[in-house]
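Structure at a glance
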Amino acid sequence: MYFVDPSREVLAETLLAAGPDSPTLCKGWLTRHLAAHLYLRERKAAVGLGLLIKRLSKASDQATADLAARLTTPEDYNKLVKSFRAGPAAFSPLKIKALDESANLIEYFVHTEDVRRAVDRWAPRALDEEYSDALWDELVKRAAILYRGVDLGIVLVRPSGPRHVAKRAPVSVAIVGEPGELLMHAHGRTRHALVTFEGQPDAVALLQSAEVGL
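**Focus: the nonpolar core**
Proteins that are soluble and globular tend to have nonpolar side chains buried together. Among the nonpolar cores identified, the biggest contains 48 residues, and L15, L139, Y147, I154, L156 and I175 are the most heavily contacted of them. Of all the elements, helix α7 (residues 129–146) adds the most residues to this core, at seven residues. Apart from residues lying up to four places away in sequence, L139 is in contact with I106, L146, L156, L182, L183 and A186.

**As for α7**
Between its terminal C-alpha atoms α7 stretches 24 Å, which fits the 26 Å expected from 18 residues at 1.5 Å a residue. The largest bend in α7 amounts to roughly 45° and is located at V140. When we look at burial in α7, the residues that qualify are Y131, S132, A134, L135, W136, E138, L139, A143 and L146. Elements that come into contact with the buried residues of α7 comprise α1 (4–18), α6 (97–116), β1 (153–157), β2 (163–167) and α8 (179–186).

**Structural notes on helix α9 (residues 201–209)**
What α9 keeps buried is the set A203, V204 and L207. On an axial view of α9, the arc spanned by its buried residues comes to 100°, and they lie on one face. Pointing more than 90 degrees away from the buried face of α9 are the exposed residues P201, D202, Q208 and S209. Contacts made by the buried residues of α9 are with β1, β3 (172–176), α8 and β4 (196–198).

Definitions and limits used
- Residues numbered from 1 in each chain as written.
- Predicted model: local features only at pLDDT ≥ 70, side-chain atom pairs only at ≥ 80, totals over all residues.
- Heavy atoms only, no water.
- Core = buried A, V, L, I, M, F, W, Y, C linked by side-chain atoms within 4.5 Å.
- Buried < 20%, exposed > 50% of the residue type's maximum accessible area, 1.4 Å probe, protein only.
- Helix = DSSP H or I, 4+ residues; strand = E, 2+ residues; numbered from the N terminus.
- Contact = heavy atoms within 4.5 Å.
- Expected span 1.5 Å × (residues − 1).
- Bend = angle between axes of the 7 residues up to and from the residue.
- Arc of directions from axis to C-beta.

Here it is, written out as structure tokens:
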């Protein structure tokens, strides 16, 4: 089943409900910055490349900041979010469903939660089982990259049983949680992920102090 389109809808609705000046879990970004980022990464190739190529990241960040600064009214913000919700441009590579899913399934989930969990009171969403499975499959593909900076073995474990060895080392920690929660942890939202840890206390402490994510 294809989950990117409904995920885009949920993210757009979350941004619209929050308004342009709400906090997010993205350091230094309000919702206006997040909306600008989402729009530009699909509409401006240089911005998209800046997310992948470090030497281009400064220009990407500046483009995001400039667009966010131009969203001076709620109407400007709402118009941009609605443009994002409409999908990529007609000739965008993201019109290819396989590429769209690889690029956006996790992106949209994490950024939806970046808005939802940036407030004092929040609760995890009840996710469709097939959607959770799709998130898990995508996490497994990139877990080694996301935990590459951790000097430990990492095993990701779903409460229902499936597990994935993301990284091997003499000392390992198991991170236990539903796929969405594991995704949040793996993308550096460690204080906002509902996960538990299994391992030696000093190893768990090392993981909790490590830099996780891209």
